[in-house]
Amino acid sequence: MAQGILLMLGAIFLFAAMDATAKALMARYDPIQVVWARYAGMMAVVAMALAPRLGPLLRTRRIGLQLLRSGFLFGATYVFFTAISQMDIAAATAVMQVHPMILTLGAALILGEALGPRRIFGITAALTGALIVVRPGSEVFTLGAALPLLAGVFYASYALATRFLGRDEPIMTSFLYTAIIGTLAASLLTIPVWQSPGMADWAIFLGLGAVGALAQFLLIRSLTIAEAGAVAPFSYAGVIFATFWGYVGFGEVPDGTTLIGALVIVGAGVYVWHRETRAKADHAA
């Protein structure tokens with residue numbers, strides 16, 4: 001389990017580094033072009049890594065759901081990148097962390113999973129924390145401040161679709177379709193705003209995708225060798241890593257209100273995870 005936790009922490013650290021790199025690039029390029037770089041670089045890495053198995057992995061009986069799932073992740077990526085181009089990385093990441101609670105609500109409404117008082121409390125607390133961070137009605141609140149919440153909705157929808165696909169499709173098939181569909185969509189959307197990068201930026205574009213692909217591989221590996229319930233809470237370290245990269249790269253220091261909101265969101269998630277884990281253990285006993 002320790003190895004699974006380390007892999008999860010490594011994945012979250014790299015995802016935060018990818019977000020910081022994307023924020024730096026968006027000072028010079030449109031967000032959709034940076035999204036293109038993220039997917040195109042990922043596609044190049046995935047094609048090389050999976051080249052011997054591309055044929056079998058492309059076979060799917062759920063092409064419609066693969067398109068929908070990949071579309072949700074593409075939406076989450078584009079919306080979140082747009083958000084961090086307008087606000088601090090740590091604040092955007094904190095609000096994005098409501099996605100496990102939104103997933104819990106979606107699983108109850110769509111999959112018929114139980115929605116007990118602990119889950120209701122967790123959802124309410126997480127959304128309250130998000131409101132503390134974005135502060136509607138204050139001078140801090142902008143349209144961009146609401147984008148991480150929308151990104152969380154997209155990501156939770158992506159995770160929900162992944163649950164459906166995980167029943168009868170190999171995880172690497174879903175990973176491959178994510179890269180292909182994201183690259184095609186971003187390639188079309190970036191045409192009107194395309195700016196020719198210099199050689200140095202081409203290297204950063206490729207690195208952005210490579211870091212994202214490596215982070216995804218580490219995440220998948222973590223969930224393969226350890227139980228999801230054991231490693232999932234460590235994904236909240238993303239708020240810490242985002243704060244680190246925000247400070248190192250952009251001199252961003254979260255204010256007290258943002259830190260309080262982030263703690264509420266993370267606390268809600270950890271509380272629900274702890275109560276659910278204990279309830280399962282009691283039931284098994």
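Since the model is a prediction, treat every value here as computed from it, not as a measurement. (Residues numbered from 1 in each chain as written. Predicted model: local features only at pLDDT ≥ 70, side-chain atom pairs only at ≥ 80, totals over all residues. Heavy atoms only, no water.)

**Regarding the overall build of the protein chain**
Here is step 1 of the chain: When helices and strands are tallied, the protein chain shows 13 helices and zero strands.
Here is step 2 of the chain: Reading the secondary structure of the protein chain in the N-to-C direction produces α-α-α-α-α-α-α-α-α-α-α-α-α.
Here is step 3 of the chain: Counting all 285 residues of the protein chain, 49% fall into the buried class.
Here is step 4 of the chain: Summarising the internal contacts of the protein chain: among those between residues at least 6 apart in sequence, 90% fall at separations of at least 24.
Here is step 5 of the chain: Surface accessibility of the protein chain: about 13400 Å² in total, with carbon and sulfur atoms responsible for 70%. (Helix = DSSP H or I, 4+ residues; strand = E, 2+ residues; numbered from the N terminus. Buried < 20%, exposed > 50% of the residue type's maximum accessible area, 1.4 Å probe, protein only. Contact = heavy atoms within 4.5 Å. Areas by Shrake-Rupley, 256 points an atom, 1.4 Å probe, with all protein chains shown as cover.)

**Concerning the environment of Gly256**
Here is step 1 of the chain: Mapped onto the elements of the fold, Gly256 is located in helix α13 (residues 256–284).
Here is step 2 of the chain: Residue classification places Gly256 among the partly exposed positions, given a relative accessible area of 44%.
Here is step 3 of the chain: Sequence separation between Gly256 and Val133 is 123 residues; the distance between their C-alpha atoms is 9.7 Å.

**As for the packing of aromatic side chains**
For any pair of aromatic rings, the description consists of the separation of the ring centres together with the inter-plane angle of the planes.
Here is step 1 of the chain: Per the counting criterion, the structure on display carries 13 aromatic pairs.
Here is step 2 of the chain: Centroid distance Tyr39 to Phe74: 5.7 Å. Interplanar angle 35°. Geometry classified as tilted. Here the residue Tyr39 occupies a position in helix α2 (residues 31–50), and Phe74 occupies one in helix α4 (residues 63–84), the gap between them amounting to 35 residues. Per residue, the accessibility class of Tyr39 equals that of Phe74, and both read buried. (Phe/Tyr/Trp six-rings, centres within 6.5 Å; stacked < 30°, edge-to-face > 60°.)

**So, the packing of helix α6 (residues 99–110) against helix α7 (residues 117–134)**
Here is step 1 of the chain: Between α6 and α7, whose axes approach to 9 Å, the crossing angle comes to 135°. Here α6 lies oblique to α7, going by the angle between them. When you trace α6 past α7, the crossing you get is left-handed. Between α6, through Met101, Thr104 and Leu105, and α7, the contact on the second element is made entirely by Arg119, Gly122, Ile123 and Ala126.
Here is step 2 of the chain: Residues of the contact of α6 with α7, tallied by class, amount to four nonpolar, two polar and one charged. (Axes fitted to C-alpha atoms, helices over the stretch in contact; angles between N-to-C directions. Parallel < 35°, antiparallel > 145°, perpendicular 65-115°, else oblique. Left-handed = near helix turned anticlockwise from the far one by under 90°. Nonpolar A, V, L, I, M, F, W, Y, C, P; charged D, E, K, R; others polar.)

**Comments concerning the environment of Ala16**
Here is step 1 of the chain: Turning to its location among the elements, Ala16 is positioned in helix α1 (residues 2–25).
Here is step 2 of the chain: Its relative accessible area of 5% is what places Ala16 among the buried residues.
Here is step 3 of the chain: When the C-alpha positions of Ala16 and Ala215 are compared, they lie 9.6 Å apart, and in sequence the two are 199 residues distant.
Here is step 4 of the chain: Contact partners of Ala16, with chain neighbours within four places excluded, come to Phe241, Ala242 and Trp245.

**A look at the nonpolar core**
Here is step 1 of the chain: Core analysis: the largest hydrophobic core is formed by 66 residues, its most contacted members being Ala22, Val34, Val35, Phe80, Phe81, Ile84 and Leu208.
Here is step 2 of the chain: Here the element with the most residues in this core is α1; it accounts for ten residues.
Here is step 3 of the chain: Apart from the residues within four sequence positions on either side, Leu208 is in contact with Met18, Thr21, Ala22, Leu25, Val34, Ala37 and Arg38.
Here is step 4 of the chain: Ranked by size, the runner-up nonpolar core spans eleven residues in total, among them Met43, Leu50, Leu57 and Ala213. (Core = buried A, V, L, I, M, F, W, Y, C linked by side-chain atoms within 4.5 Å.)

**Regarding the side chain of Asp19**
Here is step 1 of the chain: Looking at the element boundaries, Asp19 is found in helix α1.
Here is step 2 of the chain: Although Asp19 lies buried, it forms no salt bridge, and the closest oppositely charged side chain, Arg38, sits 7.3 Å away as judged by the N-O distance.
Here is step 3 of the chain: Not counting residues within four places of it along the chain, the set of residues in contact with Asp19 comprises Phe80, Phe81, Ile84 and Ile89. (Lys, Arg positive; Asp, Glu negative; His and termini not counted. Salt bridge = Lys/Arg side-chain N within 4 Å of Asp/Glu carboxyl O.)

**Quick word on the pattern of salt bridges**
Here is step 1 of the chain: A full pass over the atoms with the stated rule returns two salt bridges.
Here is step 2 of the chain: Residues Glu252 and Lys23 are paired through a salt bridge, measuring 3.4 Å at the closest nitrogen-oxygen approach. Here Glu252, found in the loop between α12 (237–250) and α13, pairs with Lys23, found in helix α1; they are 229 residues apart in sequence, far enough to count as distant.
Here is step 3 of the chain: Among the salt bridges present, the one from Arg28 reaches Asp201, with a minimum N-O distance of 2.9 Å. Taken together, the positions of Arg28 in the loop between α1 and α2 and Asp201 in helix α10 (residues 199–225) put the pair 173 residues apart, joining distant regions of the chain.

**Regarding a nonpolar patch on the surface**
Here is step 1 of the chain: Residues Phe13, Phe244, Tyr247, Val248 and Val253 make up a contiguous nonpolar surface patch of roughly 510 Å² in combined accessible area.
Here is step 2 of the chain: With three residues, α12 is the single largest residue contributor to the nonpolar patch.
Here is step 3 of the chain: Summarising the element assignment, Val253 is placed in the loop between α12 and α13. (Patch = residues over 30% accessible without salt bridge, like charges linked within 9 Å, V, L, I, M, F, W, Y side chains within 5 Å.)

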